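Spelled out, the chains give:
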Amino acid sequence: AGLPIVVAVDGPAGSGKSSVSKAAARKLGWSYLDTGAAYRALSWFVVQRRLDPTDSDAVIDALPDFDYRIGTHPDTYHVFVGDHDVTDVIREPEVTAVVSAIARVPEVRAFLTGLFRAIIAHGEKRGIVVEGRDITTVVCPDAPVRILLTADEQVRMARRSAELTGHSAAHVGEALRRRDAADSRVVDFMNAADGVITVDSTDLDFDQTVDAVIAVVQKETHV
Ligand code: CDP
Ligand code: CDP
């Protein structure tokens, strides 16, 4: 069968990575991998164990016990840590608040990168859309399709605030800006690396963004 065709998608929060990658995978009949879910699930695990998320040695010591599983179907993927279905809880603000501290530990990144490559290698579909922050540069730098999905900051903040209730837009915007700033000190997902194609969704609606991504996939792979 050989390795699946990888479509690597990186970008900042609110650029549309998850929703657009999922829809593109669905249209292509391919798999989908949300790598942020693993960073979030590990953060949940660290909080659950009452470890200090900023204590990198404690986090590294916990890695061998981190039993992580994720589905790759774009419509019905669930996230498990051991027997716990953490699909929803990993989106909670308490988890989001500590994820950048976990994600900056090099041993954590190496561990999860290995996990992602194993999941990709075991894929049964012809291709897989893999979405995150360092997919085009670290996880799958040789992918035949590498995309940086961007949008102006104002637009990204507005999209994310529109999804939430009970939080002021200003609060959401500030938390997101802080997370992007912390994350971009570790990996550069604001500038396209050599050979990475930028898709700017600032002036595109959702369907237009999905079409733009599919067009890049078709151009690069002739599928
Ligand atoms: O969807 P959203 O933009 O809120 O974030 P996410 O993709 O779920 O990622 C959550 C966090 O995981 C990010 O803020 C990064 O700290 C980390 N992450 C990472 O470091 N590398 C990746 N490839 C994916 C996520
Ligand atoms: O994963 P990431 O944080 O990059 O973004 P997302 O959670 O997929 O997208 C954030 C929101 O923006 C979602 O509600 C999308 O439907 C919306 N979106 C949009 O309104 N227009 C686009 N061109 C792309 C995404």
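Structure first, text after, so check above.
Because the structure is a prediction, the values reported are computed rather than measured.

S.K.: What should I look at first to understand the site of ligand 1 in this one?
M.R.: Around ligand 1, the structure places 19 residues, and the nearest of them are Arg40, Arg109, Asp134, Arg179 and Asp183. Within the side chain of Asp183, one N or O atom sits 2.5 Å away from an oxygen atom of ligand 1. Alone, ligand 1 offers 530 Å² of accessible surface; in the complex the protein occludes 98% of this. Breaking the shell around ligand 1 down by element, the ones donating at least two residues are α2 (36-48), α4 (93-103), β6 (127-132) and α8 (169-184). Its residues assigned to classes, the shell around ligand 1 shows five nonpolar, four polar and 10 charged.

S.K.: Quick question: what am I supposed to make of α4 here?
M.R.: Side chains of residues three or four places apart in an α-helix project in the same direction, reflecting 3.6 residues per turn. Burial of α4 is extensive: eight of the 11 residues sit out of reach of the surface. The complete set of buried residues in α4 reads Val95, Thr96, Val98, Val99, Ser100, Ala101, Ile102 and Ala103. Looking at the buried residues of α4, the elements they touch are α2, α3 (56-62), α5 (106-121) and α8.

S.K.: Any chance you could explain unusual backbone geometry here in plain terms?
M.R.: Phi at Arg50 takes a positive value of approximately 60°, unusual for a residue other than glycine. Positionally, Arg50 belongs in the loop between α2 and α3. Residue classification places Arg50 among the exposed positions, given a relative accessible area of 76%. With a phi angle near 60°, His222 is a residue other than glycine that sits in the positive phi range. Among the structural elements, His222 can be located in the segment after α9 (206-221). The exposure class assigned to His222 is exposed, which follows from its relative accessible area of 70%.

S.K.: Looking at this structure, I do not really get the sheet that holds strand β5 (residues 84-85). What am I missing?
M.R.: Hydrogen bonds between backbone groups are what pair the strands of a sheet, and the pairing can be parallel or antiparallel. Strands sit in the order β3-β4-β5 across an open sheet of three strands; the sheet is antiparallel. Two strands bound the open sheet, and with one partner strand each, they are β3 (68-70) and β5. As judged from the three bridges shared by β3 and strand β4 (residues 79-81), these two strands associate in the antiparallel manner. Within β4, the residue paired with Arg69 across the bridge is Phe80. Along the sheet, α2 makes contact with β3, β4 and β5, crossing β4 at roughly 35°.

Definitions and limits used
- Residues numbered from 1 in each chain as written.
- Chains lettered and ligands numbered in written order.
- Predicted model: local features only at pLDDT ≥ 70, side-chain atom pairs only at ≥ 80, totals over all residues.
- Heavy atoms only, no water.
- Near = heavy atom within 4 Å.
- Polar contact = N/O pair within 3.5 Å; in protein donor to acceptor, adjacent residues only side chain to side chain.
- Areas by Shrake-Rupley, 256 points an atom, 1.4 Å probe, with all protein chains shown as cover.
- Helix = DSSP H or I, 4+ residues; strand = E, 2+ residues; numbered from the N terminus.
- Nonpolar A, V, L, I, M, F, W, Y, C, P; charged D, E, K, R; others polar.
- Buried < 20%, exposed > 50% of the residue type's maximum accessible area, 1.4 Å probe, protein only.
- Contact = heavy atoms within 4.5 Å.
- Pairing = 2+ DSSP bridges.
- Axes fitted to C-alpha atoms, helices over the stretch in contact; angles between N-to-C directions.

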